[in-house]
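Descriptive structure summary
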Amino acid sequence: MCNRRTYRSAMETTKLVIITVLLGLILQANAQTPSACILSPTNRAPENTDINVTCGTQYMDLSIYICPMYQALYNESLMVVNNQLTNSLCYGTADFTVTPPVLRFRFPINESSASACGNVYKVTSQVGSGAFADFSNVQYVNISGTVNSIDPSAGAITYRPQIMYKYSCNYPMQYLLNNTQIGVSGVNIAIRDNNGSFVSTLSMQLYQDANYQQVLTVPPTGINLKTKIYVNVKATNLTDRFNLLLDRCYATTSPYPVLTTYYDLFVGCNRDAQTKIELNGVSQSARFSFEAFRFVEHKNLTVSTFYLHCATRLCEASTCASLLPNCGTTQNRRRREAEMVPTNTTITSPPIVVGVKSAEPEPFALYGAAAPPAMVCSSPLLGSLLSLLLFSWLP
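Quantities reported herein were computed from a predicted structural model and do not represent experimental measurements. (Residues numbered from 1 in each chain as written. Predicted model: local features only at pLDDT ≥ 70, side-chain atom pairs only at ≥ 80, totals over all residues. Heavy atoms only, no water.)

**Concerning the sheet that holds strand β9 (residues 202-207)**
Spatially, the four strands line up as an open sheet ordered β9-β11-β16-β15, and their pairing is antiparallel. Two strands lie at the open edges of the sheet, namely β9 and β15 (276-279), each paired on one side alone. Sheet twist, expressed as the mean angle between neighbouring strand axes with direction ignored, is 20°. Across seven bridges, strand β11 (residues 228-235) lies against strand β16 (residues 285-291) in antiparallel orientation. Among the inter-strand pairings, Y230 is bridged to a residue of β16, identified as S289. (Pairing = 2+ DSSP bridges. Helix = DSSP H or I, 4+ residues; strand = E, 2+ residues; numbered from the N terminus. Axes fitted to C-alpha atoms, helices over the stretch in contact; angles between N-to-C directions.)

**Looking at the pattern of salt bridges**
Note that side chains of opposite charge can pair when their charged atoms are close. Tallied over the full model, the rule gives eight salt bridges. Salt-bridge contacts for D50 lead to R44; the nearest nitrogen and oxygen are separated by 2.8 Å. You can call D50 buried: its relative accessible area is 2%. Its relative accessible area of 22% is what places R44 among the partly exposed residues. Among the ionic contacts, a cluster of salt bridges with common partners joins R44, E47 and D50. (Salt bridge = Lys/Arg side-chain N within 4 Å of Asp/Glu carboxyl O. Buried < 20%, exposed > 50% of the residue type's maximum accessible area, 1.4 Å probe, protein only.)

**What about the state of the cysteines?**
Inspection of every chain in the model, using the stated rule, returns four disulfides. Through a disulfide, C37 is tied to C67; the S-S separation comes to 2.0 Å. Between C37 and C67 the disulfide shows an S-S torsion of about -85°. By sign, it is left-handed. Residue C37 is located in helix α2 (residues 35-38), and its partner C67 is located in helix α3 (residues 67-71); the two are separated by 30 residues in the primary sequence. Both residues of the pair, C37 and C67, belong to the buried class. The disulfide partner of C90 is C117, and the S-S distance across this bridge is 2.2 Å. Between C90 and C117, the disulfide has an S-S torsion of -105° and is therefore left-handed. Here C90 is found in the loop between β3 (79-81) and β4 (93-95), whereas its partner C117 is found in the loop between α4 (113-116) and β6 (120-126), with 27 residues between them in sequence. Residues C90 and C117 agree in their burial class; the two are buried. (Disulfide = S-S within 2.5 Å.)

As structure tokens, this is what we get:
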């Protein structure tokens, strides 16, 4: 009888233990799912549409529904960018304050941390649109990557599905290089360091000789009309992968690149007759020359002052030739509309002051039968002949 009671007591104890364990497992399972996800419509299996990508002006932002991750037996600590397991910058932050809850990632596109997470940077050429609609080809930088799950299973098999979300952003190269300070330690786009942008590396220098050695000095009275001016636009501190390309150079009476009163030296296949392009798109310097002129609106002024502006961009050395206009066809000879050139792609020269005097040699004056005295006195041979004739007349 005692043994039977003991056996029954042991069985009840065993049932109690089993119930306790099962209850613990249930409670543990409920604890793994955040309360914000229990009634959320996103408490389901992961889908490709769970990710939202924002391509901002300073950051790339990713937000991914977090409840499907828990549904697949993962959490925020098991989701990483491009499988960069050892980099803390490549893990997201859970945000349960929004409905539905999300896991957020942020990549600053002006710092090397954007590339530290293994994002892929690819340069492509596309037809210009928006602010770049005036260009037949514009180079873009595509930034892409994946957010993937880390399976903590230590055995040979797993019951967890693999999760992978893909993302990408497309930026005009001009925007990245002009408005940001993108690091190239892992990107190798253009700028060698993080202390400058594309615009800060640009310079324009005016010269007075074809060898680009003697810097042009403009006196207060102005340089003469038709004086040959040699222009060198240079980008420094760049990697060898990129060349400098001038899309357009024009002159305005304003120090700002506004097209109120302007004159195109060259744009596309249209070129001023006195303008000669020597280098463009073949190195990190671009060179051309033109002759000094005056704006008609300054006809009553002693000097005419204008400024030179050049719309610039970078191009990959291997593709620069394809970006230059093909001037052999009529289609490419269209003239661009007079619109504001984006200031973040334009470099401006110091003021160029032009007087009224022409730089061409003045023609010789026409004289009568008598030669000018200067011509008589400057000829030693003629002086000797005169002396000989004079002494021959003496007795």
